[in-house]
Amino acid sequence: MFRPETTIRRPADEDPALAKSDTATPTLFEDDVTPKKRSKRAAKPRKGGDEASEPQSARAAGRRSDAAEMATKQREISVSEFFTKNRHLLGFDSPLKALLTAVKEAVDNSLDACEEAGILPEISVEITQTGEKTYLMAVEDNGPGIIDTQVGKVFGKLLYGSKFHKLSQSRGQQGIGISAAGMYGQLTTGKPVVIRSRTGKRKNAVGFTLSIDTARNKPEIHTQEVVEWDKDHGTRVEIDMEAKYQKGLRSVDMYLKQTAIANPHLTLHFTDPSGEKVTYERGSKEMPPETVEIKPHPHGVELGRLIAMLKETTARSLSGFLQEEFSRVGPTVAKRIIAAAGKGLTEKSYPSRIAREEASALHKAIQETKISAPSTDCIAPIGEDLLLSGLKKEIEADFYVACVRPAAVYRGNPFQIEVGLAFGKPGGTGLELAESGRILKKDKSKVVTEDLVGNADEPIRVVRIANRVPLLYQQSGCAITKAVTQTNWRSYGLTHPRGALPIGPMAVMVHIASVWVPFTSESKEAIAAYPEILKEIKLGLQECGRKLGTYIRKGKRLKREYEKRSFIEKYIPHIGVALQEILELTDQERDSTVEELEDVLHKSRKF
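Residues numbered from 1 in each chain as written. Predicted model: local features only at pLDDT ≥ 70, side-chain atom pairs only at ≥ 80, totals over all residues. Heavy atoms only, no water.

Chemist: Explain empty space enclosed by the protein to me, and be specific about the residues and the numbers.
Modeler: Counted according to the given criterion, the structure contains five cavities of 30 Å³ or more. Of the voids in this model, the largest cavity is the one considered here, and its volume is about 100 Å³. Around the largest cavity, the lining residues are L100, T101, K104, Y255, P470, L471, L472, Y473, S523, K524 and E525. Residue assignment for the lining of the largest cavity shows that the elements contributing at least two residues are α7 (95-117) and β15 (469-471). Here the element with the most residues in the lining of the largest cavity is α7; it accounts for three residues. When its residues are assigned to classes, the lining of the largest cavity shows six nonpolar, two polar and three charged. Forming the boundary of the second largest cavity are 12 residues, of which R171, A466, V469, F519 and K524 lie nearest the centre. Put simply, the parts of the chain that give the lining of the second largest cavity at least two residues each are α7 and β15. (1 Å grid on protein atoms, 1.4 Å probe; cavity = no way out; pocket = protein on both sides within 12 Å on 5 of 7 lines; lining within 4 Å. Points joined across faces, edges and corners; volume = space filled by probe spheres on them. Helix = DSSP H or I, 4+ residues; strand = E, 2+ residues; numbered from the N terminus. Nonpolar A, V, L, I, M, F, W, Y, C, P; charged D, E, K, R; others polar.)

Chemist: So what about the pattern of salt bridges? Which residues, and what values?
Modeler: Opposite charge on two side chains permits pairing when their charged atoms draw close. Tallied over the entire structure, the rule returns 21 salt bridges. Across the pair E458 and R461 runs a salt bridge whose closest N-O atoms are separated by 3.0 Å. D587 is the salt-bridge partner of R590, the closest N and O atoms lying 3.8 Å from each other. Placement of both R590 and D587 in helix α18 (residues 587-604) is noted, with a separation of three residues, approximately one turn of the helix. In this structure, a network of salt bridges that share partners links the residues E126, E140, K231, R236 and E238. (Salt bridge = Lys/Arg side-chain N within 4 Å of Asp/Glu carboxyl O.)

Chemist: Outline the packing of α7 against helix α9 (residues 177-189), supporting the account with residue identities and numerical values.
Modeler: Between two packed helices, the angle of one axis relative to the other and the distance separating the axes together describe the packing. In the contact formed by α7 and α9, the axes pass within 8 Å of each other and the chain directions differ by 140°. Classified by chirality, the crossing of α9 by α7 is left-handed. Of the residues in α9, those touching α7 at P95, A98, A102, E105, A106 and N109 are G177, I178, A181 and Y184. Tallied by class, the residues present in the contact of α7 with α9 amount to seven nonpolar, two polar and one charged. (Axes fitted to C-alpha atoms, helices over the stretch in contact; angles between N-to-C directions. Left-handed = near helix turned anticlockwise from the far one by under 90°. Contact = heavy atoms within 4.5 Å.)

Chemist: Explain the confidence of the model for the protein to me, using residue names and the numbers behind them.
Modeler: Chain-level pLDDT for the protein is 80 on average; 79% of the residues reach the 70-or-more range. A low-confidence stretch, residues 35-40 (pLDDT under 50), is modelled with two contacts involving residues beyond four sequence positions or located in other chains. Here residues 51-55 is modelled with pLDDT under 50, and outside its nearest four sequence neighbours on either side it reaches five contacts, counting other chains as well. (pLDDT = per-residue confidence, 0-100.)

Chemist: A description of the nonpolar core should follow, citing residues and the corresponding values.
Modeler: Counting 65 residues, the largest nonpolar core has V103, V125, M137, L256, I395 and M509 as its most contacted members. Counting 38 residues, the second largest nonpolar core, distinct from the first, contains V517, A526, I527 and I533. (Core = buried A, V, L, I, M, F, W, Y, C linked by side-chain atoms within 4.5 Å. Buried < 20%, exposed > 50% of the residue type's maximum accessible area, 1.4 Å probe, protein only.)

Chemist: Give a detailed account of the pairing of strand β3 (residues 193-198), specifying residues and quantitative values.
Modeler: Both β3 and strand β4 (residues 205-213) contribute to a ladder of five bridges, which runs antiparallel. Looking at β4, one finds that V193 is bridged to L210. Here β3 hands over to β4 after six residues, the two strands then running antiparallel side by side. (Pairing = 2+ DSSP bridges.)

Chemist: Residue-level account of the sheet that holds strand β5 (residues 218-227), with values.
Modeler: Taking strand neighbours across the sheet as the criterion, the eight strands line up as β5-β4-β3-β6-β2-β1-β7-β8 in an open arrangement whose pairing is mixed. Both edges of this open sheet fall to β5 and β8 (277-280), since each of them pairs with a single strand only. When strand polarity is set aside, the average angle formed by the axes of neighbouring strands in this sheet is 15°. As defined by bridge partners, strand β1 (residues 122-129) adjoins strand β7 (residues 267-271) across five bridges and the pair is classed as parallel. Bridging from a neighbouring strand, V125 pairs with F270 of β7. α7 rests against β1, β2 (134-141) and β6 (234-242) of the sheet, and its axis sits at about 10° to β2.

Chemist: Give a detailed account of the pairing of strand β16 (residues 506-514), specifying residues and quantitative values.
Modeler: β16 sits mainly inside the fold: nine of its nine residues count as buried. Both faces of β16 are covered, namely the face carrying M506, V508, V510, I512 and S514 and the face carrying A507, M509, H511 and A513. Here six bridges tie strand β14 (residues 461-466) to β16, and the two strands are oriented parallel to one another. Residue R461 lies in a different strand from β16, and its bridge partner there is A507.

Chemist: Residue-level account of the packing of aromatic side chains, with values.
Modeler: One pass over the structure, following the stated rule, counts seven aromatic pairs. Judged by centre distance (5.8 Å) and plane angle (65°), the ring pair of Y410 and F415 falls under edge-to-face. A relative accessible area of 1% places Y410 in the buried class. Take F415: its relative accessible area is 0%, and that puts it in the buried class. Considering the side-chain rings of Y410 and Y530, the 5.1 Å spacing of their centres and the 40° angle between planes classify their relative orientation as tilted. You can see Y410 sitting in strand β10 (residues 408-410) and its partner Y530 sitting in the loop between β16 and α17 (531-583), a full 120 residues away along the chain. Using a relative accessible area of 23% as the deciding quantity, one classes Y530 as partly exposed. Put simply, the rings of F399, F423 and Y551 touch in pairs and so form one group of aromatic residues. A cation sits over an aromatic face here: K97 above Y473, 4.9 Å from the ring centre. The ring of Y350 carries R353 above its face, with NZ or CZ at 5.0 Å from the centroid. (Phe/Tyr/Trp six-rings, centres within 6.5 Å; stacked < 30°, edge-to-face > 60°. Lys NZ or Arg CZ within 6 Å of the ring centre and 35° of its normal.)

Here it is as structure tokens:
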């Protein structure tokens, strides 16, 4: 069935054919339009008119840039300029934290310099208020000093240092810290950094004032002159900055206290803005063992880095490359790797001519080949004895325990975990077992350290140390805190809410020593949660936790036994009086009998 053809007529402003005719019949759409509205519509530019045919790019040319113009605006960004705008990445995001970060970076550099030179470190830290919101930070050490030509680069150039490419344990890694502190002071107060250094008794002490040219990442030395200084050797740096000083768990005071625990060989003097002086005496004259630089382990090298190493090596054969550029690779291991790689590679293949596909096969073969773990003489742990002495020196507690885990590896980097616990306030349960078998009350005259061991109803305090450097911020995002939280402390006698820190009067100290600590940011405040690191921390915590559980259970048994003995001792005098009446004893014989009964009580009820 066919329907008659229906024609749909469009408005004149939408139908080009009608738009050209002045006598077009009004359509259904136009019948309801008043002459006033029609005149306004006619005044508007039509979609199909000449203006619509004008190119869009031509209309926008006045306010848009083309590729050539955009290219003229592109320029290199200096690393100093980048961190000037992003100083929060380095730990300078608030005046309170900025002061701590500046002190931390200066003290870390001083400790590294002293240890590298074999000098027992003695460091002085002074903080002086110079304005309503400004403080002068001064750190002075007895290290080897810095030669004149290097002072500007050390304090006035970001990403400049000697430790970034060296695979051995050190506090500083990136070469950013102290120069970033100077840059922050320059930004907030406009004042330059003041440095004084002397490299030997027969050398002149030289003073510098310098600032950083952030556009070029270069130092600007304003003055350089010989000065009088009574130190035989060492370095002093002064930075005036916008800051805030206050005591507490995340303060300069706490950082220095934890530094003294982690570095028992350090003597540290601190003068706060009020003029109060504190000295942390060294607990040992034994320097940390000297670390040895190692080559990268094959299992820790990514494909891109392997390709770069193949191009840069001076070795003339693939076998020689594997043995010279990596640790723990000998002729036999190199032969196994090359055989597993295939792709036509031989022991005599020239490294720089190896293509990407062949390098990929070589990398896969390296990962699949069993290779010995890297040497651990590149790291220097604190040691169980020194860790315990450091805890006892700075923390008053009832019970101490420490353990050192065997060295392990993550991404080819060797590391070692050390754990220490300090539990209970001085006096704790208030009881102790004497050699005679008597249970005696402890002396509670010791001063309680509130800052590191909290109350029994508070979460435990976690002291995080990385390469002997305390970490005070970003605790919740750190692998150490995660490991503490994930450990089952209920098994060891503590109250432990789900997903939180356990409750109790305890401080837990965890130290990671590694050639490259995997920090989560440039400010070096938290450690990344690699599975290998988490596993070792948990094992260390569990080892100390078992000893802690034994102590807590013993304390509870001691308390129950003391209550039983006290109950029996109440009636012994009455028994003595009854015996005196029955046996007609003298007072002296009665007292002697009572004393003998008490001895029998304590000796017969062995604990």
